[in-house]
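# Structural characterization, general
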Protein chains: 4
Amino acid sequence: MDKIKLGIIGAGRIGRVHAESVTFHIPDAEVAAVADPFITEESKKFFNNLGVKEVFKDYKDILAKKEIDAVLICSSTDTHAKITIEAAKAGKDIFCEKPIDLDIGRIKETLKAVKEAGVKFQIGFNRRFDRNFSALKKSVVDGKVGDVHIVKITSRDPAPPPVAYIKVSGGLFCDMMIHDFDLAGYLSGSEVVEVFASGAVLVDPAIGKAGDIDTAIVTLKFANGAIGVIDNSRQAVYGYDQRAEVFGSKGCAAVENEKPSTNKISNKDAVCEEKPLYFFLERYMQAYAAEVGEFVSAIKNGKDVPVGGDAGLASVVIAKAAMKSLKENRPVKISEME
Amino acid sequence: MDKIKLGIIGAGRIGRVHAESVTFHIPDAEVAAVADPFITEESKKFFNNLGVKEVFKDYKDILAKKEIDAVLICSSTDTHAKITIEAAKAGKDIFCEKPIDLDIGRIKETLKAVKEAGVKFQIGFNRRFDRNFSALKKSVVDGKVGDVHIVKITSRDPAPPPVAYIKVSGGLFCDMMIHDFDLAGYLSGSEVVEVFASGAVLVDPAIGKAGDIDTAIVTLKFANGAIGVIDNSRQAVYGYDQRAEVFGSKGCAAVENEKPSTNKISNKDAVCEEKPLYFFLERYMQAYAAEVGEFVSAIKNGKDVPVGGDAGLASVVIAKAAMKSLKENRPVKISEME
Amino acid sequence: MDKIKLGIIGAGRIGRVHAESVTFHIPDAEVAAVADPFITEESKKFFNNLGVKEVFKDYKDILAKKEIDAVLICSSTDTHAKITIEAAKAGKDIFCEKPIDLDIGRIKETLKAVKEAGVKFQIGFNRRFDRNFSALKKSVVDGKVGDVHIVKITSRDPAPPPVAYIKVSGGLFCDMMIHDFDLAGYLSGSEVVEVFASGAVLVDPAIGKAGDIDTAIVTLKFANGAIGVIDNSRQAVYGYDQRAEVFGSKGCAAVENEKPSTNKISNKDAVCEEKPLYFFLERYMQAYAAEVGEFVSAIKNGKDVPVGGDAGLASVVIAKAAMKSLKENRPVKISEME
Amino acid sequence: MDKIKLGIIGAGRIGRVHAESVTFHIPDAEVAAVADPFITEESKKFFNNLGVKEVFKDYKDILAKKEIDAVLICSSTDTHAKITIEAAKAGKDIFCEKPIDLDIGRIKETLKAVKEAGVKFQIGFNRRFDRNFSALKKSVVDGKVGDVHIVKITSRDPAPPPVAYIKVSGGLFCDMMIHDFDLAGYLSGSEVVEVFASGAVLVDPAIGKAGDIDTAIVTLKFANGAIGVIDNSRQAVYGYDQRAEVFGSKGCAAVENEKPSTNKISNKDAVCEEKPLYFFLERYMQAYAAEVGEFVSAIKNGKDVPVGGDAGLASVVIAKAAMKSLKENRPVKISEME
């Protein structure tokens, strides 16, 4: 049984996460090469220790290698579209971190290139693969909540990223809530058709000065008549807060945060549990392995990928609509964004 | 020690609840009289068994009795303002069920009459006195969550009222979410300044035909910069769902539903607990006694009532703004409603 | 409808609890008289405020009153048997706080007197009426756990009583674990046939000097083959710890502590809930009302009382067997105690 | 950096678990060889896929290889002592699954051989490395519970093993509760000095016919004065039930079961969560990796192993004492077993 040979483009944090996942959890694949223009000696060593034989500066070297079946694009957001188009032309199957691009026209161009090349194209919406959100989705699909009436998602980071990052991030809706927009569609089983965004700068005035917000509530209307709401904060001092709830005609399914252990201490003051798992590396390690596992499985078995380019496009369109809504303080229809 | 003598106007469900609370839980007061134009023999017996000596058809008979210190107005909404004004003129302290009226002008007129008479005037926002929401409020006041950033309230009834009732109720925002609007101000420690309402008819088309909605999400902006969201449904098949969460710079405080017992059964299928307490009579019995207890205490000790007429006005204004927002599909400032 | 007229013998803490329960929660009964040789002015006022008209020093005055239907014996343990026998002869139905006596022969004599008089005789095992233990028992009776294999009970007080009290209490097994012995039989649906007791002095050496223990684990064997274990401590710094679990062929049912509210605070250190309700007055107020309510109902409807004298005898016999087991460091059969 | 080269002796379920753990989670080690007299083709393939190059029938072939640093003994219990002694003589560091042997003399002989050889010797008490029990232990060590008064451990398997296995297992105390005896010492920070065992055949009469029990409660006394209790069942229909609680002068720390997800469904019947993780492979995978990780780390850094031969001996002695206690229906001192 031949293993699928993967090339990782971008040797940063998420590239490393995927390299470890593939090596340790995905028996049907191996990381054959990695490319990063700024790769360090330390980073080379990391990949070598995982058994990755080829380390390049230029991702084109990966695209040029015939034996590489597919690429994982983990570089900075502004390079996703360009590299995807080139990889598609080189006939590689593609797993691309979100977002595809911050420009809707550019995303459509990218999807077109992928379609023409006939390669697989999966977007890195890792939360769909988290055991908790998966179980929630299954409850909905299995009819446990009946017709969906209300979807609620909470997503709060333990601490804001540097303001320098925020400036180039595309803003809270494109950088952070984009995951929740995708999850909202996934959990509701429908499409978002209208959004209304409220935002505030409550965590750090410097974020406001950089033109962004750090706290937001967005109301959603779905094509199937359901309604929803997402709340985000850049800073929850108790750690990564990732919860969701789907309420419907037959009941309600909800998932809570995961904790490092179930240990609970009762003393003279209170009864206390541990805080939630700190951040995405702690919380979503299992999800990262699962999403790439399904990508590899889709390639091996000639099936569709679980999260296609349409989902990548939809989430950015919703994020852009939310930005417009916030700016104009009015509900914005997704159809306005075309 | 003389007991405060109370007259109850309206012998329906909530009038009975207050009569029992006063008799069994409020040592400093007694129900001296009850009045209801449609009082039944069974109802008379109920009040007699509680030791209520005088049962009238006309509430004016209660207002005319000098020995009655205060009245609890538990009649239908459309009579609240009129009776309040008359009771104020008669020099009675007044506890009035929410809402004061569905017309803002009429509410202001009522507040004016109360003010001129110099009597106490408390509005029946019982949830503020629920042990759970009280504990949540205390966490906020004690600084446990720091500066408030996000307030979230969920309120779902176990089953919708009859459509006939819905038609005269003033609609979901005035009849049901009005409690949550009050709670939002209470928990945030600030005032709502803008609302955006999403609504849908998902539970019963007959509710839609009656001109109302049965499912809603309303986004709030507060004067202190915080933002909030309330979701309502007329039907949660698992019972009365009453939760709230206040998130801020130092943490998050949240309260869950109460259950009939802590019993948990693990079997071959799942690990199951009981459903929440069924509805408001089960969940808020303690709160009903506490609110009237504080009303009586305010009278005895010459203190301010804990929930004054302003709160009664504010909640109706917000509800009206939410109705306008839903109709016009745009955010509505509270200042527009003046 | 005539109310059952009750006389309360003993005006201490538990006598007051029952007086309030009857007045406020049991419409079919009233407290007609109270008797206590050491009754204070403050205490008289308390009972007068509840509407109790007759206050005596001598309980014989209560027994002499024909209109009194039944008595609640809330005096000190050493007087229970004597007063019960006299009350039985006076034809009163009897509710007696546990234990009937610390001497098994004396208990049997008491049961004989009660039987001969043909009056009702209920023992104050309040925990059976707690909403949580009731729900647990119902799970067992409804077959949710199948055949019972293991019963586990935890009972820990928030703080030890004064050593002076401990000296006359009959010791931890007769004073504290007696409730758990009764609960074990109740939950298992079987009888304890053998016990093995481990005990230690870990909370306060003064308790050891007084000849008692403050920490204990007792293993139980039941007639139906099931096994069980009870653990007790005189001091849980986090409050009253009252839990139980029944495990069987079809599953496991378990009940947890009750808390003042559901409020949960997440901050930079932990996620904390409130401590359990502090002690028996907070935790079992509902249970106290329920047990006397059922006593009154048994009288009114000519039914058997829910907890008869046999249960009162059995729990003391088990406690004595546990004392013997601890002393001789060997398992002791209940049949040895005859 | 040279990897520690491990040989796995025994290619059954636990041998495979360790092989995967080492390959995927322990960067400092590699499985260089495996030996099993009954190794199948399928099994060979499994190990080859993990990159294990040498597959032997005879474990002596592993002992003979100079480049092998250490062995993991995963063969049947009756071979543990013999292989350990030979491995020690061959100068290999040793990780041995529990129990070392069912005969105390034989265990002592084994410990002597290990000591004389000066090799490392770790016993496979995996539960100490479970994130939950580790957190509980840390709470105790950090003084969160103060002086330990009571230790409670619940361990119930989802289903009994085949009766054929039970016959050669050494019985419930040596095969199953042995883990809990070890955990009890670990959590209490003290040594068990006396046990009293209750046992019953409630799950399957065939287990009784085979001379064993399937349900047990064992009371423990510790050298530091604390007391404890363990309950075991061979069959919990809701899955693997693994909980523990340490109660002391400053509070109580407790750990619950782990679940596949946090998903909770509220419907018209109940509020339900998923059952606990099914069995040890699901629950303790993280613990298996952690224990071998610490073994490898001890070798690499010349430190003591975290669970030495003494712990292996102690747990069997306690199990034997429990057997004696059950047979003679009396408490048995550990000192009697010498």
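Details of the structure are given in the entry above.
Residues numbered from 1 in each chain as written. Chains lettered and ligands numbered in written order. Predicted model: local features only at pLDDT ≥ 70, side-chain atom pairs only at ≥ 80, totals over all residues. Heavy atoms only, no water.

## Details of the overall build of chain A
When its secondary structure is counted, chain A shows 13 helices and 15 strands. For 338 residues, the compact-globule formula gives about 20 Å, and the C-alpha radius of gyration of chain A, at 20 Å, lands near that figure. Reported as C-alpha extents along the three principal axes, the dimensions of chain A are approximately 55 × 55 × 45 Å. Counting across all 338 residues of chain A, residues that qualify as buried make up 59%. Within chain A, contacts between residues at least 6 apart in sequence are counted, and of these 71% link residues at least 24 apart. When the accessible surface of chain A is split by element, carbon and sulfur atoms take 51% of a total near 12900 Å². (Helix = DSSP H or I, 4+ residues; strand = E, 2+ residues; numbered from the N terminus. Rg over C-alpha atoms; globule rule 2.2 N^0.38 Å. Buried < 20%, exposed > 50% of the residue type's maximum accessible area, 1.4 Å probe, protein only. Contact = heavy atoms within 4.5 Å. Areas by Shrake-Rupley, 256 points an atom, 1.4 Å probe, with all protein chains shown as cover.)

## Some details on the relation of the copies chain A and chain B
At an RMSD of 0.0 Å, chain A and chain B line up after a rotation of 180 degrees and a shift of 0.0 Å along the axis. In the structure described here, the two chain copies are related by an operation that fits a two-fold rotation axis. Closest to the rotation axis within chain A is the C-alpha of Arg-330 of chain A, separated from it by 2.7 Å. (Least-squares fit on C-alpha atoms with pLDDT ≥ 70 in both.)

## Digging into the environment of Thr-219 of chain B
Considering the arrangement of structural elements, one finds Thr-219 of chain B in strand β9 (residues 215–222). Through-space distance from the C-alpha of Thr-219 of chain B to that of Ala-289 of chain B is 31 Å; in sequence the pair is 70 residues apart. Here Thr-219 of chain A takes part through its side chain, which lies 2.8 Å from a polar atom of the side chain of Thr-219 of chain B. (Polar contact = N/O pair within 3.5 Å; in protein donor to acceptor, adjacent residues only side chain to side chain.)

## Let's talk about the sheet that holds strand β6 (residues 121–123) of chain C
Residue and element names in this part refer to chain C. Across the sheet, six strands lie side by side as β3-β2-β1-β4-β5-β6; this open sheet has parallel pairing. Edge strands, defined here as strands with exactly one partner in the open sheet, are β3 (54–56) and β6. Between one strand axis and the next, the sheet turns by 25 degrees as a mean value, whatever way the strands run. The pairing of strand β1 (residues 4–9) with strand β4 (residues 70–73) spans four bridges and is parallel. Counted as the bridge partner of Ile-9 is Ile-73 from β4. Packed on one face of the sheet, helix α11 (residues 280–301) meets β1, β2 (29–35), β4, β5 (93–96) and β6 and runs near 165 degrees to β5. (Pairing = 2+ DSSP bridges. Axes fitted to C-alpha atoms, helices over the stretch in contact; angles between N-to-C directions.)

## Quick word on the packing of aromatic side chains
Aromatic ring pairs: the centre-centre distance and the angle between the two ring planes describe each pair. Tallied over the full model, the rule gives 32 aromatic pairs over all chains. Between Tyr-238 of chain C and Phe-247 of chain D, the aromatic rings sit 6.2 Å apart at their centres with planes inclined by 85 degrees, giving edge-to-face as the arrangement. Linking Tyr-238 of chain C in the loop between β10 (227–233) and β11 (241–248) with Phe-247 of chain D in strand β11 (residues 241–248), this pair reaches from one chain into another. In this structure Tyr-238 of chain C comes out as buried when scored by relative accessible area, which is 2%. Here Phe-247 of chain D falls in the buried class, since its relative accessible area comes to 0%. A ring pair is formed by Tyr-240 of chain C and Tyr-284 of chain C, whose centres lie 5.8 Å apart and whose planes are at 80 degrees; its orientation type is edge-to-face. Placement of the pair is Tyr-240 of chain C in the loop between β10 and β11 and Tyr-284 of chain C in helix α11, with a sequence separation of 44 residues. In terms of burial, Tyr-240 of chain C and Tyr-284 of chain C fall into one category: buried. (Phe/Tyr/Trp six-rings, centres within 6.5 Å; stacked < 30°, edge-to-face > 60°.)

## Regarding empty space enclosed by the protein
Per the counting criterion, the structure on display carries one cavity of 30 Å³ or more. In this model, the largest cavity occupies a volume close to 30 Å³. Taken together, Glu-194, Val-195, Phe-196, Thr-219, Leu-220, Lys-221 and Pro-331 of chain C together with Phe-196 and Ser-198 of chain D make up the full set of residues lining the largest cavity. Sorting the residues of the lining of the largest cavity by element identifies β8 (192–200) and β9 (215–222) of chain C together with β8 (192–200) of chain D as the ones contributing at least two each. For the lining of the largest cavity, the class distribution of residues is five nonpolar, two polar and two charged. (1 Å grid on protein atoms, 1.4 Å probe; cavity = no way out; pocket = protein on both sides within 12 Å on 5 of 7 lines; lining within 4 Å. Points joined across faces, edges and corners; volume = space filled by probe spheres on them. Nonpolar A, V, L, I, M, F, W, Y, C, P; charged D, E, K, R; others polar.)

## Focus on the interface of chain A and chain B
Tallying the contact residues gives 39 residues for chain A and 39 residues for chain B. The contact between chain A and chain B buries some 3000 Å² in all, and 64% of this surface belongs to carbon and sulfur atoms. For the pair chain A and chain B, the interface holds six salt bridges. For Arg-243 of chain A, the salt bridge is made with Glu-245 of chain B, and the minimal N-O distance between the two is 2.9 Å. One can count 15 residue pairs in polar contact (both at pLDDT 80 or more) joining chain A with chain B. The set of elements that each furnish at least two residues to the side of chain A that touches chain B consists of β7 (148–156), β8 (192–200), β9 (215–222), β10 (227–233), β11 (241–248) and β12 (251–255) of chain A. The element that contributes the greatest number of residues to the side of chain A that touches chain B is β10 of chain A, accounting for six residues. Along the lines of polarity and charge, the residues of the side of chain A that touches chain B split into 16 nonpolar, 13 polar and ten charged. (Buried area = accessible area lost by both parts, 1.4 Å probe. Salt bridge = Lys/Arg side-chain N within 4 Å of Asp/Glu carboxyl O.)

## Remarks on the state of the cysteines
Applying the stated criterion to the full structure yields two disulfides over all chains. With a sulfur-sulfur separation of 2.0 Å, Cys-272 of chain A is cross-linked through a disulfide to Cys-272 of chain C. A torsion of 110 degrees about the S-S bond marks the disulfide between Cys-272 of chain A and Cys-272 of chain C as right-handed. Here Cys-272 of chain C lies in strand β14 (residues 271–273) and Cys-272 of chain A lies in strand β14 (residues 271–273), a pairing that spans two chains. Of the residues examined, Cys-272 of chain A reaches a relative accessible area of 18% and is grouped as buried. Considering cysteine sulfurs only, Cys-96 of chain A is the nearest to Cys-174 of chain A, which forms no disulfide, with 14 Å between them. Its sulfur unpaired, Cys-96 of chain C is 8.5 Å from the next cysteine sulfur, which belongs to Cys-74 of chain C. (Disulfide = S-S within 2.5 Å.)

## What to know about the interface of chain A and chain C
Chain A puts 15 residues into the contact, and the matching count from chain C is 15 residues. A per-residue breakdown of the area chain A buries against chain C is headed by Val-271, Glu-273 and Lys-275 of chain A, which together make up 40% of the total. Summed over the shared surface of chain A and chain C, the number is two salt bridges. Ionic pairing is found between Lys-264 of chain A and Glu-273 of chain C, a salt bridge with its closest N-O pair at 3.8 Å. Taken together, the links from chain A to chain C amount to four residue pairs in polar contact (both at pLDDT 80 or more). Listing elements by their share of the side of chain A that touches chain C, those giving two or more residues are β13 (264–267) and β14 of chain A. Here the residues of the side of chain A that touches chain C are counted per class, giving six nonpolar, two polar and seven charged. Alignment of β14 of chain A against β14 of chain C, held across three bridges, turns out to be antiparallel.

## A short note on helix α2 (residues 41–49) of chain C
Residues and elements named next belong to chain C. Listed in full, the buried residues belonging to α2 are Ser-43, Phe-46 and Phe-47. Looking straight down α2, one finds its buried side chains confined to an arc of 90 degrees; they lie on one side. Among the exposed residues of α2, those oriented more than 90 degrees off its buried face are Glu-41, Lys-45 and Asn-49. Structurally, α2 contributes buried residues whose contacts are with α1 (13–25) and β2. (Arc of directions from axis to C-beta.)

## Looking at the relation of the copies chain A and chain C
Take chain A, turn it by 180 degrees, move it 0.0 Å along the axis, and it overlays chain C with an RMSD of 0.0 Å. Interface overlap between copies is the fraction of interface residues in one copy that are interface residues in the other; for chain A against chain C it reaches 100%, indicating a shared surface.

## A few points about the nonpolar core
By size, the foremost hydrophobic cluster in this structure holds 104 residues, and its most contacted members are Leu-6, Val-71, Ile-94, Phe-173, Phe-181, Val-195 and Leu-220 of chain D. Among the elements that make up this core, the one with the highest residue count is helix α13 (residues 309–328) of chain D (eight residues). (Core = buried A, V, L, I, M, F, W, Y, C linked by side-chain atoms within 4.5 Å.)

## As for the pairing of strand β2 (residues 29–35) of chain A
Residues and elements named next belong to chain A. Counting buried positions along β2 yields six of seven residues, so the element is predominantly enclosed. Two strands pair when backbone bridges link them, and strand β1 (residues 4–9) and β2 are joined in this way by six bridges, in the parallel orientation. Residue pairing in the sheet places Gly-7 in a bridge with Ala-33 of β2. In terms of handedness, the path from β1 via helix α1 (residues 13–25) over to β2 forms a crossover that is right-handed. Sheet analysis places β2 next to strand β3 (residues 54–56), joined by three bridges and oriented parallel. In the sheet register, Val-34 faces β3, and the bridge partner there is Val-55. Considered for its hand, the β-α-β crossover made up of β2, helix α2 (residues 41–49) and β3 is right-handed. (Right-handed = clockwise from strand over helix to strand, strands pointing away.)

So far we have only geometry, and geometry alone does not tell us how the molecule works.
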